[in-house]
Each structure stands twice: as C-alpha cells, then as structure tokens.
Amino acid sequence: MGILLCIGISIFVYQRDLRKISKRVEVLSQNQTDLIKHLSIESILAEDRPALQTTVEGLASLNLGIDKVVITNFNDEVLASWTAENFQRGDHYKTQTPINYLGQHFGEIYLEWNRKALVAPMKARTAEIVRVIVTSIFGIGICLVLFVEIFFVRPLALLEKKVENVFGKSDIEIPPHQFCSRELTHLDESLVAAGRAIRERERREAQLREEKARTKAAEAAAAARAEFLSLMSHEIRTPLGAILGFADLLDSSEISGDEREFVGHIRESGSFLLQILNDILDLSKIEADGIQLEKVPFLPASVLQNVALMLQDQAKSKDISFEVLTDFEEDLLVEGDPLRLKQVILNLAGNGVKFTDHGNVVVSGELLSRKQGRSDEVAIKFSVKDSGIGMSPECVEQIFEPFSQADASITRKYGGTGLGVSISHRLVSLMGGHLEVESEEEVGSDFHFVLQFPVSERSVLEVNTTESGGEVQLIHESQGRRILVAEDDPSNQSMVKKVLTRMGHEVVFADNGRDCMELLKSNRAFDVLFLDLRMPEIDGLEALRRIRDGECGVEASTMPISMMSADVLSQDEARESGADDFIVKPIGFDKVQQFLGCSSQSNSPRVLLPDTSADNRHWPNNNSSNGSKEQGKWVMIVDDNPAVRQMIEKFLARWGYRTGIAVDGEDCLQQLANHPYDAVISDLRMPGMDGVTLINKIREGDAGDDYREVSVALMTAEQMTDKEAQDAQADVYIPKPIPMDRLKDFLQSMPSDPVSLAS
C-alpha cells in the first residue's frame, strides 16, 4: 500500500514538473530568441554575417542547452549558424521565431534545444523529492507495522493461542498482553470466561456420560436380574404349586393327627416361600421400572374393608382388635390403582398384626381435602397404627431398605424378609405419595401416607366391584328394590341401612330368623333377602333351610338370599344350605352392590367372582349327589409338568369333573378334535406349542368351530393381569400356585350347554 502511494505521488510530481519544464522551455526559448534578436538586429538589417556569427557563438558558450542556432534573412539565406560538437538528431525542442522590425520581415531565428539537458535538473529534483517521500512513507510504514505488531498482532496471537488451548484442553489462564487495548482486554476476559464455561460444560457432559453409562449398565443389570428372577420364579412356582396342591389334598384326606400337623407345616412353609417369591419379584420389577400403574375406578373404602377381611382371622387368632375407620363416604369413587393400594395397606397392616401381641391394629382413611374445578380431586391420608413392639430411632432410619428388620432377634422371632415395607415405600412413591413412619419401642408404630386421586365422573350406581381390591366394572342399575334384612345387632342394622338406602333401595329389618320368616309369609313382596348367620330364636342357617324348603312360600324359596357373618369358616355350610352369596362382615358397599348386581334380573356383565345364581350354588365334591350339574363335565388339563397335572386332576375328580390330559398345545388340539370338552385349563409356558398359541388356534377354529367359544383358563407362574389374559383371548388368568377357589369360580362359570362335536 505504501509503495503504491509512493508511485502515485512520484507520478503526480513528475507530471507537474514536466508541465513546468514545458512552460520554462517556452519562456526560455522566447527570451533567448528575443535576446538574439535585440543583440543582432542591426547585424541582421545590415546582413553583417561575421557579427552575427560572433553573437551566435557567444550565445552558445553560455551553455543554455542550445544545440543548434540558425539565422536566416527574408530570402531564407543563412546569415549565421552554430551546431554543438556532439549534436545528434534525437530528442530536441525546436523553435522558429520571425524577425520583424517596423512592420517588415527581415528573416527568422531557428533554435534546437536539448531536451535532456533541460529536463535533467528537473528530474534530479523530482528524484530527490521521491526519495524523500518514499523514505518518509517507509519510515511511517515501519512505525505502523511496529505499532500493529505490539498493540494488535501480539495480543491477537496470544488470544489465538488461548482459543487453541480452549479447544485443545490446555491452559487458558494465560495473563493478557501488557499492551492490550481496553477492547482486546475485554475480549480476553470474555474468552477466558467462555473457556471456563466450555470446560465446565465438558466436565458436566463427561459426568452425564458416565452417569448415563452407569444408569444404562444398572438398567441392563436390573433387566437381566428381573428376567432371571421371572424365569426362576416360574421354575420355582411350578413345583411349589404342586407341593401346596398336594398338601391341600392330603389335608382333606383321612390322615392321622400327626400327619395333619405335618401337612400344616408344609402348607405354612410353602406359603411363606411363595410370599418371598412375590416380594422379590415386586422389588425387582420396581427397580427395573417394570410396574405400570393402572387408572381404573375404585372405592377406597372397599380397599380398606377387603384388607380387614383378609386379616381379621389372623388378628382374632392372636386375640387382638382389628379396626377399619373412614371419615368419607363408602361410595366415594376415585380413579387409580386399587391393587397396588391394597398391596401397600395389606403389607403394612399384616406387619401390624404380626408384630402386635396385645392391643389393636387400626387401619384408617381420612379425607384431607377435596378440590373442585375442571376435575374434582381428593387427598386421602391412609394410616396403619398398631400397639406392637415398636422400633428404635436407628431402626426407623433403615426400615425402608430392602431385607431390613428391626434386629436379628426380631427376624428369628417373627420371621420375614423385610421386603414388604420397602416395596410399600416404593409403590407409594410411584403413586405420588411418601410413606412415613412414627414409632416408639414397646408403644407401637404408625405408618401413614397421603395420595391424590381424581374423582371418577361415573356414578357408583353404574359400577360393580370385585374382590381384586375395590376395582369396578360396569353393571346394569338395580336401584329401587325392596330388601328384607334379618339382623339382630343394631350397629350392623344401621350400617346395612346406610349402604342400601344410599343405593336407592327400600329396607325392612327383622331382628331374628322367626320374624324374618313371618314377614316373608305375610308379605312376599321382597326382591332380596340378607340373612345374618347368628341370631336368637332361629339362626340364619335354620331359617335359610326352611325358606328354601318352601315353608315361607314358593316365591320366597327361589328369591336371591345372601348370608352375612364374620365367621368365614361357615361359608361352605351356608352355600350348601342354599345361600346364593356369602358376605363377610364388616359389610362393605362393594359386596352388597356386587350381590345385588348378580341377583338382578337384568342382563349384567359376568364378573370374575363365583357365580351365585340359585341354580349353581352347590359345589360337587365326594359327597355330591349324582344329580349335580357339574357331575360328568369334561375338562382338558394342558401342562408339561406331571405333578401339576396330577394335582389339578385330583382336585377336579373330587369336585365331580372328568378330565383329559395333554402335555402341550399340539397334543391338546388333537384330543379336542376327538372328544368333546366343556373347558380347557392350559399352562402358559410349555415346550412346542405354548398356551397363548394354543388359545389363538382354538379361537381361530383349528380344534373345530364348536370350540371357538369354549371356556379357557390360562395358568402361569409369571405375574399377569386379567387385562393381559383377555388380550391373550383367555376367559380368566389363574396364577401358580393355583388358588383353588379361583379355579372353582372358573369351572362354575362354564356354559350349561356342553360342547358337541359334529358327527
């Protein structure tokens, strides 16, 4: 840039000087011509050639840059002339001036000027000026370069090094250059701050990658552990189911007192082992995020009542009180997961009963708040209090850890793995709450948590509950029925009246069996009868038998009757006497609604509880009459385990069923094609064709069109929900070890018309 500037300035100076030289030559030539004319005018007029020659030579000696002089007269005759010794034709400046005097022309003066001689001084001057300019420009350029180098290049080079260090993960804490400008200093500080931020972000990203890798490894380990536990559970549950099943068979056989005691120990140990398996599976599923909470309508009050039904006998055997208290309506219908809620409360309440030797266990539900807006929502506090052994502060701190107990002596005395409380704590967290505990040694413990539930938009009269823990199903409305209740206890009368009137029914009470029979004889306009088991004068069983025998009239003998009692052991006796249903006290809204829904004349959907219709109230057994409707029905048992097949076959034989045996799905399809069966009980996991494939082929007609709608139960040692069983096109899911009451329910729900093979 500086050189271009110098060239431009030099060209400008040179052109300016050329213009000056031209003007100077013109002026000089004119002056020289005028001088010669004045000096030689007389000689010219007289044509004195020697004088003119002397004048010309004298003028040439002045070294004015003239190389040639010629003076001519008016006839163009040369009067005088002079030519320089080294004269050569070339770059000359020529002038020709006429000589006039008094208006007359006397001749001309011809001059040739040496242009180089004239320009040389000017060139020397121009060159000097250019040298000065160039020198100045180069000096200024050097100063500018040094300035830029010191104040810009070096600081920028330092910044560049910092940038490289930032991305090269080297030192960025280099002090700024001492001659940094304010702007560059600010830029340096910003770069250092950005570098620190980048380093921090890289550090966090590295931590996140490490945590993600650890999490992924942990998830993979948890998934592998869950899969392993699931497989091992299936392998353990299958023989365990056979052990418990054969223990039940032995217990109902004619064996001695010692043998019966041994069988009891086998059943107790097997049940304990089964509970451990269930707890370990639940814990592994929670750790692997394998538990999906459901959101179905249910009654919180029914959940608490079902827990009471399951634990009251155990509490009664220890002579302790078991109470359920709620301050909200029994028909409060919310949406959530009743099975998991029931599991939590059952775990806590079961521990309360186990660790309490005197006093009471109280399970309570308290309505804390109810928000109303676009959707109603309630907050319910659940608590389980006991007056048991309590815990020390140290034990409270670790109570929610898996496999933790109060101390070793507690484990030896009471047993257990400590998984129940840990599972409950995690389930409550999944449901959006926090399980807390307050405890004092030798005083008792209080476990409590708060859960939020959206209030269901459905009416409780539109739903029916099942024993799964308060979950509801759609039923047809059975409102406005006239119900007779035989109950001698005033508190129970108040409870039943509260439940039935809230459902819209008319209730009439009788204080004993005799009054009940008199009311039926005098006024037969009752739709349903609830009959207490223990009453003065005539008890419930006696009144039931006499009513079924027609003593109170034909209409009364066929009306739906439900027996009520706190004695669970009387259930079979009540059914044998003709009861359509058996409600265990304390009486819950869901139990009553279920019975009324089943006894309704409308076409309500089938529930998974035992069918309690009057025509199907007796279970066939060894003492069953030959006319029992179950007698002679054929059931196909499909399982690859011989012990399980034999155990189920023995139970079904006792109940009056005939059985066929298949070792896998293909064997079952072949036998179904050759013999009519009324139901199929199939295992899920089998070699060859498994249970799901078998059911699909049956539904598709591979066993014949008559079997498309056959009743099928799916057995498995894996954890399964009824929804998953329905997706597999099974009518019901039966877990292993097999609960015989659930198997009875399935067999009792079979259609009356057997499958007939086309000829």
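Up top is the structure.
Given the structure is predicted, the values throughout are model-derived calculations rather than measurements.

Quick notes on the rules
Residues numbered from 1 in each chain as written. Predicted model: local features only at pLDDT ≥ 70, side-chain atom pairs only at ≥ 80, totals over all residues. Heavy atoms only, no water. Helix = DSSP H or I, 4+ residues; strand = E, 2+ residues; numbered from the N terminus. Buried < 20%, exposed > 50% of the residue type's maximum accessible area, 1.4 Å probe, protein only. Contact = heavy atoms within 4.5 Å. Areas by Shrake-Rupley, 256 points an atom, 1.4 Å probe, with all protein chains shown as cover. Phe/Tyr/Trp six-rings, centres within 6.5 Å; stacked < 30°, edge-to-face > 60°. Core = buried A, V, L, I, M, F, W, Y, C linked by side-chain atoms within 4.5 Å. Pairing = 2+ DSSP bridges. Right-handed = clockwise from strand over helix to strand, strands pointing away. Arc of directions from axis to C-beta. Polar contact = N/O pair within 3.5 Å; in protein donor to acceptor, adjacent residues only side chain to side chain. Axes fitted to C-alpha atoms, helices over the stretch in contact; angles between N-to-C directions. Parallel < 35°, antiparallel > 145°, perpendicular 65-115°, else oblique. Left-handed = near helix turned anticlockwise from the far one by under 90°. Nonpolar A, V, L, I, M, F, W, Y, C, P; charged D, E, K, R; others polar. Salt bridge = Lys/Arg side-chain N within 4 Å of Asp/Glu carboxyl O. Patch = residues over 30% accessible without salt bridge, like charges linked within 9 Å, V, L, I, M, F, W, Y side chains within 5 Å.

> Could you give an account of the overall build of the protein chain, with specific residues and numbers?
Counting secondary structure elements, the protein chain contains 22 helices and 23 strands. Per-residue burial over the protein chain gives 45% buried out of 759 residues. Within the protein chain, contacts between residues separated by at least 24 positions form 68% of all contacts whose residues are at least 6 apart in sequence. For the protein chain, the exposed surface amounts to about 39,200 Å²; the carbon and sulfur share of it is 52%.

> How would you summarise the packing of aromatic side chains if you had to cite specific residues and measurements?
Tallied over the full model, the rule gives five aromatic pairs. An angle of 85° between the planes, with centres 5.6 Å apart, marks the rings of Phe 298 and Phe 453 as edge-to-face. Of this pair, Phe 298 sits in strand β5 (residues 296-298) while Phe 453 sits in strand β11 (residues 444-454), and the two are 155 residues apart along the sequence. On the accessibility criterion, Phe 298 (0% relative accessible area) is buried. Taking the relative accessible area as the measure of exposure, Phe 453 reaches 5% and is therefore buried. Taken together, the ring pairs connect Phe 298, Phe 382, Phe 449 and Phe 453 into an aromatic cluster.

> Which residues make up the nonpolar core, and what values go with them?
Residues Phe 322, Leu 341, Ile 345, Phe 382, Phe 449 and Phe 453 are the most contacted members of the largest nonpolar core, which totals 44 residues. When residues of this core are traced back to their parent elements, those giving at least two are α7 (300-317), α8 (338-354), β8 (360-371), β9 (377-386), α9 (393-398), α11 (419-430) and β11. Ranked by residues supplied to this core, first place goes to α7 with seven residues. Residues within four places of Phe 382 in sequence aside, it is in contact with Leu 304, Leu 341, Ile 345, Ser 364, Phe 447, His 448, Phe 449, Leu 451 and Phe 453. The next biggest cluster of nonpolar side chains, apart from the first, holds 27 residues, and it includes Leu 309, Leu 529, Ile 538 and Leu 541.

> Please provide a residue-by-residue account of the pairing of strand β21 (residues 679-683), values included.
Where burial is concerned, most of β21 is hidden: five out of the five residues are buried. Alternating positions in β21 separate into two faces, Ala 679, Ile 681 and Asp 683 on one and Val 680 and Ser 682 on the other, with burial throughout. With four bridges connecting them, strand β19 (residues 634-638) and β21 associate as parallel partners. What sits directly across from Val 635, in β21, is Ala 679. Inspection of the sheet shows β21 paired to strand β22 (residues 711-716) by five bridges, in the parallel sense. Along β22, the bridge assignment pairs Ile 681 with Ala 713. Note that the unit made of β21, helix α20 (residues 691-699) and β22 has a crossover that is right-handed.

> Kindly report on the environment of Leu 529, identifying the contributing residues and their values.
Of note, Leu 529 is situated in strand β16 (residues 528-532). Classification of Leu 529 as buried rests on a relative accessible area of 0%. Counting along the chain gives 27 residues from Leu 529 to Ala 556, while the straight-line C-alpha distance between them is 9.0 Å. With residues up to four places along the chain from it excluded, the contact list for Leu 529 reads Leu 484, Cys 516, Leu 520, Ile 547, Met 559, Pro 560, Ile 561 and Ser 562.

> Please provide a residue-by-residue account of helix α19 (residues 665-672), values included.
Regarding α19, the residues found buried are Gly 665, Cys 668, Leu 669 and Leu 672. An end-on view of α19 places all buried positions within 100° of arc, on one side of the element. Near the N-terminus of α19, the side chain that reaches the backbone nitrogen of Glu 666, with its oxygen 3.3 Å away, is that of Asp 664.

> Explain the packing of helix α13 (residues 513-522) against helix α14 (residues 540-548) residue by residue, including any values.
With their axes 9 Å apart at the nearest point, α13 and α14 run at an angle of 25° to one another. Viewed along their axes, α13 and α14 adopt a mutual orientation that is roughly parallel. α14 is crossed by α13, and the crossing has right-handed handedness. On α14, the residues that touch Gly 513, Met 517 and Leu 520 of α13 are Ala 543, Arg 546 and Ile 547. Within the contact of α13 with α14, the residues separate by chemical class into four nonpolar, one polar and one charged.

> Tell me what's going on with the pattern of salt bridges, and back it up with residues and numbers.
A complete count under the given rule lists 17 salt bridges for this structure. Salt-bridge contacts for Glu 551 lead to Arg 546; the nearest nitrogen and oxygen are separated by 2.7 Å. Each of Glu 200, Arg 203 and Arg 204 takes part in one network of salt bridges that share partners.

> Can you explain the sheet that holds strand β6 (residues 321-326)? Please cite residues and give values.
The strand order across the open sheet built from five strands is β6-β8-β9-β11-β10, with neighbouring strands paired in mixed fashion. The open sheet has two edge strands, β6 and β10 (436-440), and neither has a second partner. On average, each strand axis in the sheet is inclined to that of its neighbour by 15°, with strand direction left out of account. The strands touched by α7 within the sheet are β6, β8 and β9, with β6 carrying the most contacts at an inclination of about 175°.

> Could you give an account of a nonpolar patch on the surface, naming the residues involved and the relevant values?
Taken together, the side chains of Phe 228, Met 232, Ile 236 and Leu 273 define a hydrophobic patch exposed on the protein surface, amounting to about 330 Å² of accessible area. With three residues, helix α5 (residues 182-251) is the largest single contributor of residues to the nonpolar patch. Relative to the elements of secondary structure, Phe 228 occurs in helix α5. Overall, the relative accessible area of 49% leaves Phe 228 in the partly exposed class.

> For the sheet that holds strand β23 (residues 732-735), give the residues involved together with the corresponding values.
As a general point, the strands of a sheet are linked pairwise by backbone hydrogen bonds and lie either parallel or antiparallel. Within the open sheet, the five strands sit side by side as β20-β19-β21-β22-β23. Their pairing is parallel. With one partner strand each, in any of the chains shown, β20 (658-662) and β23 form the two edges of the open sheet. Each strand of the sheet is rotated relative to its neighbour by a mean of 20°, with strand direction disregarded. In the packing of α19 onto the sheet, contacts are made with β19, β20 and β21, and the angle to β20 comes to roughly 135°.

> Summarise the side chain of Asp 337; cite the residues concerned and give the values.
Within the secondary structure layout, Asp 337 lies in the loop between β7 (334-336) and α8. A distance of 2.9 Å separates a polar side-chain atom of Asp 337 from the backbone nitrogen of Glu 294. When sequence neighbours within four positions are dropped, the list of residues in contact with Asp 337 reads Gln 292, Leu 293, Glu 294, Phe 298 and Met 431.

> Residue-level account of the packing of α7 against α8, with values.
The N-to-C vectors of α7 and α8 enclose an angle of 30°; their axes lie 9 Å apart at closest approach. Overall, the two elements α7 and α8 adopt an arrangement that is roughly parallel. Taken as a pair, α7 and α8 cross one another with a handedness that is right-handed. Touching Val 303, Leu 304, Asn 306, Val 307, Met 310, Leu 311, Gln 314 and Ala 315 of α7 are Pro 338, Leu 341, Lys 342, Ile 345, Leu 346, Ala 349, Gly 350 and Val 353, all from α8. Among the residues forming the contact of α7 with α8, the class breakdown is twelve nonpolar, three polar and one charged.

> Would you mind going over the pairing of β11 in detail, with residue names and values included?
Of all eleven residues that make up β11, eight are buried, and the element is covered over most of its length. As paired strands, β9 and β11 are joined by ten bridges and run antiparallel to one another. Residue pairing across strands places Val 384 opposite Phe 447, the latter belonging to β11. As defined by bridge partners, β10 adjoins β11 across five bridges and the pair is classed as antiparallel.

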